[in-house]
Amino acid sequence: MYDYISGKIAELNPAFAVVDNHGMGYMINISLTTFNEVSKIPNDEAAKLYIYEAIREDAHVLFGFSSKHERELFLMLISVSGVGPNTARMILSSLSPADLEQCIASGNVGMLKSVKGIGAKTAQRIIVDLKDKIKMASDTLLDNNNAPSAVYDEALSALVMLGFTQQMSQKALRKLLKEEPSITVEEAIKKSLKMM
């Protein structure tokens, strides 16, 4: 099992990247999100793609992601009955990881159905199967970032008292605390208000 492959990008398009690693070219299927990230890397610098290897009878197919977080979402998606690697890649090409998490957490079937090849039943199954996993993953992410819980709690209760929904407030605060771990309660509230 590969964890990641790094090397210079020999070829890049929105569907796949060829990574040259010590003279061997790995053809890796990618999402548009990863394509956008990889295309920012200067030609003389190595790219690093986190890998999922799909082994079928007729082929070994590599899927690559610019972040571990995107790969985790991909793995969650393919754990859902009826969602294969190509469908998961299509979802991650249509929705950013943050949008996908928000979509699943809020039960937004319509947004998932807007992805090519996703019907109402599949969209509902994805939401039902992953809602709790997404919540746990985002809570863990918050814990791993050592976000000051006092700042988070105070800012959250202030935003809710101001009339914003708990879910919207949590999303804004998580994003802020991830970007600025040492932010004060006052700054967190002010910046969250601008985001909502």
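From a predicted model like this one, the values you see are computed outputs, not experimental measurements. (Residues numbered from 1 in each chain as written. Predicted model: local features only at pLDDT ≥ 70, side-chain atom pairs only at ≥ 80, totals over all residues. Heavy atoms only, no water.)

**Re the packing of aromatic side chains**
Centre distance and the angle of the planes are the two values used to describe a pair of aromatic rings.
Part 1: Following the criterion strictly, the structure yields six aromatic pairs and no others.
Part 2: Ring geometry for Y52 versus F63: centroids 6.5 Å apart, planes at 40 degrees, classification tilted. One end of the pair, Y52, is in strand β4 (residues 47-55); the other, F63, is in strand β5 (residues 60-65), and eleven residues separate them in sequence. The two residues Y52 and F63 agree in class, both being buried.
Part 3: Note on F63 and F74: the rings are 5.4 Å apart at their centroids and 35 degrees apart in plane angle, and the pair reads as tilted. Here F74 lies in helix α2 (residues 68-78) and F63 lies in strand β5, a separation of eleven residues in the sequence. Both residues of the pair, F63 and F74, belong to the buried class. (Phe/Tyr/Trp six-rings, centres within 6.5 Å; stacked < 30°, edge-to-face > 60°. Helix = DSSP H or I, 4+ residues; strand = E, 2+ residues; numbered from the N terminus. Buried < 20%, exposed > 50% of the residue type's maximum accessible area, 1.4 Å probe, protein only.)

**Brief notes about the pattern of salt bridges**
Part 1: One pass over the structure, following the stated rule, counts five salt bridges.
Part 2: Across the pair E37 and K40 runs a salt bridge, and its minimum N-O distance is 3.4 Å.
Part 3: We classify K40 as exposed; its relative accessible area is 60%. (Salt bridge = Lys/Arg side-chain N within 4 Å of Asp/Glu carboxyl O.)

**Looking at the packing of α2 against helix α3 (residues 85-94)**
Part 1: Where α2 meets α3, the axes come as close as 9 Å, and the angle between the chain directions of the two elements is 130 degrees. In terms of orientation, α2 lies oblique with respect to α3. The interaxial crossing formed by α2 with α3 has right-handed handedness. Of the residues in α3, those in contact with E70, L73, F74, L77 and I78 of α2 are P85, A88, R89, I91 and L92. (Axes fitted to C-alpha atoms, helices over the stretch in contact; angles between N-to-C directions. Parallel < 35°, antiparallel > 145°, perpendicular 65-115°, else oblique. Left-handed = near helix turned anticlockwise from the far one by under 90°. Contact = heavy atoms within 4.5 Å.)

**Description of the packing of α2 against helix α4 (residues 97-105)**
Part 1: Two numbers describe how α2 lies on α4: the axes approach to 10 Å, and their chain directions differ by 40 degrees. Between α2 and α4, the angle falls in the class oblique. Crossing of α2 against α4: the hand is left-handed. On the side of α2, the interface is formed by H69, E70, L73 and L77, while α4 contributes P97, L100 and E101.

This is a description of form; function is not addressed.
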